[in-house]
Amino acid sequence: MPRPGVIICEALRNAFKKKKATIDYPFQEGVKPKKGLRGAHYFILEKCTGCRACERACPPMCIEMVPSEVTKTGKRPVINLGECIFCGLCEEACRYDALFLTDYIELSAFGRDEMIIYSKETKPSESKEQQEEG
Ligand code: SF4
Ligand code: SF4
């Protein structure tokens with residue numbers, strides 16, 4: 001256990017340091033995802049066959065298959081990021097490279113509905129913009 005004098009000296013030294021130990025996120029850039037980090041999904045509807053492999057692989061069962069006019073089986077996945085544990089098993093299960101995780105991590109939202117990825121042919125960030133426009 002450090003002595004109180006040492007702690008006070010350390011606190012004073014840090015108080016007068018010019019470089020801040022924290023950043024004003026999200027107003028200041030600086031949070032860079034580490035390589036291999038698993039963030040929001042990227043879904044390519046055109047590649048999806050609706051095989052349901054991703055749905056079956058998902059441990060918390062946060063992938064739901066909904067009707068689709070594009071896929072072979074007439075189903076496509078919908079992902080609830082609010083329940084996702086970002087394990088990446090859905091990506092591993094998809095043999096058609098239709099679904100994979102990106103390093104997009106800015107996933108805060110005001111409501112649970114905003115955490116659901118519908119037929120994302122676009123990146124989550126672009127899709128968020130589209131939702132705001134629409
Ligand atoms: S995303 Fe991949 S695993 Fe999931 S239904 Fe489509 S093709 Fe099958
Ligand atoms: S990354 Fe999320 S959606 Fe994919 S299998 Fe894991 S929990 Fe399910």
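Right above here is the structure, for reference.
All values derive from a computational prediction rather than experimental measurement.

S.K.: Any chance you could break down the site of ligand 1 for me, citing the residues and the numbers?
M.R.: Around ligand 1, the surrounding shell holds 13 residues, and the nearest of these are C48, C51, A53, C54 and C94. Classifying every residue of the shell around ligand 1 gives 10 nonpolar, 2 polar and 1 charged.

S.K.: So what about helix 1 (residues 4-15)? Which residues, and what values?
M.R.: For helix 1, spanning 12 residues, the distance from its first C-alpha to its last is 16 Å, which sits close to the expected 16 Å at 1.5 Å a residue. Where burial is concerned, little of helix 1 is hidden: 0 out of the 12 residues are buried.

S.K.: Please set out the nonpolar core residue by residue, giving values where relevant.
M.R.: The biggest cluster of nonpolar side chains holds 14 residues, and the ones touching the most others in it are C54, I63, C90, C94 and L99. In this structure, C94 is in contact with A53, C54 and L99, ignoring residues within four places of it in sequence.

S.K.: Hey, could you go over the site of ligand 2 for me, with residue numbers and the actual values?
M.R.: Near ligand 2 there are 14 residues, and of these C58, C84, C87, L89 and C90 occur at the shortest range. Split into classes, the residues belonging to the shell around ligand 2 amount to 13 nonpolar, 1 polar and no charged.

S.K.: Describe the pairing of strand 3 (residues 75-80), naming the residues involved and giving the relevant values.
M.R.: Note: strand 2 (residues 63-67) against strand 3, 5 bridges, orientation antiparallel. Looking at strand 3, one finds that I63 is bridged to I79.

S.K.: Explain the sheet that holds strand 5 (residues 116-117) to me, using residue names and the numbers behind them.
M.R.: If you trace the 3 strands from one edge of the open sheet to the other, you get 2-3-5, paired in antiparallel fashion. For this open sheet the edge positions go to strand 2 and strand 5, each flanked by a neighbour on one side alone.

Criteria and thresholds
- Residues numbered from 1 in each chain as written.
- Chains lettered and ligands numbered in written order.
- Predicted model: local features only at pLDDT ≥ 70, side-chain atom pairs only at ≥ 80, totals over all residues.
- Near = placed C-beta within 6 Å.
- Nonpolar A, V, L, I, M, F, W, Y, C, P; charged D, E, K, R; others polar.
- Helix = DSSP H or I, 4+ residues; strand = E, 2+ residues; numbered from the N terminus.
- Expected span 1.5 Å × (residues − 1).
- Buried ≥ 20, exposed ≤ 12 C-beta atoms within 10 Å, placed from the backbone.
- Core = buried A, V, L, I, M, F, W, Y, C linked by C-beta atoms within 7 Å.
- Contact = placed C-beta atoms within 7 Å.
- Pairing = 2+ DSSP bridges.

Taken by themselves, the reported measurements are silent on function.
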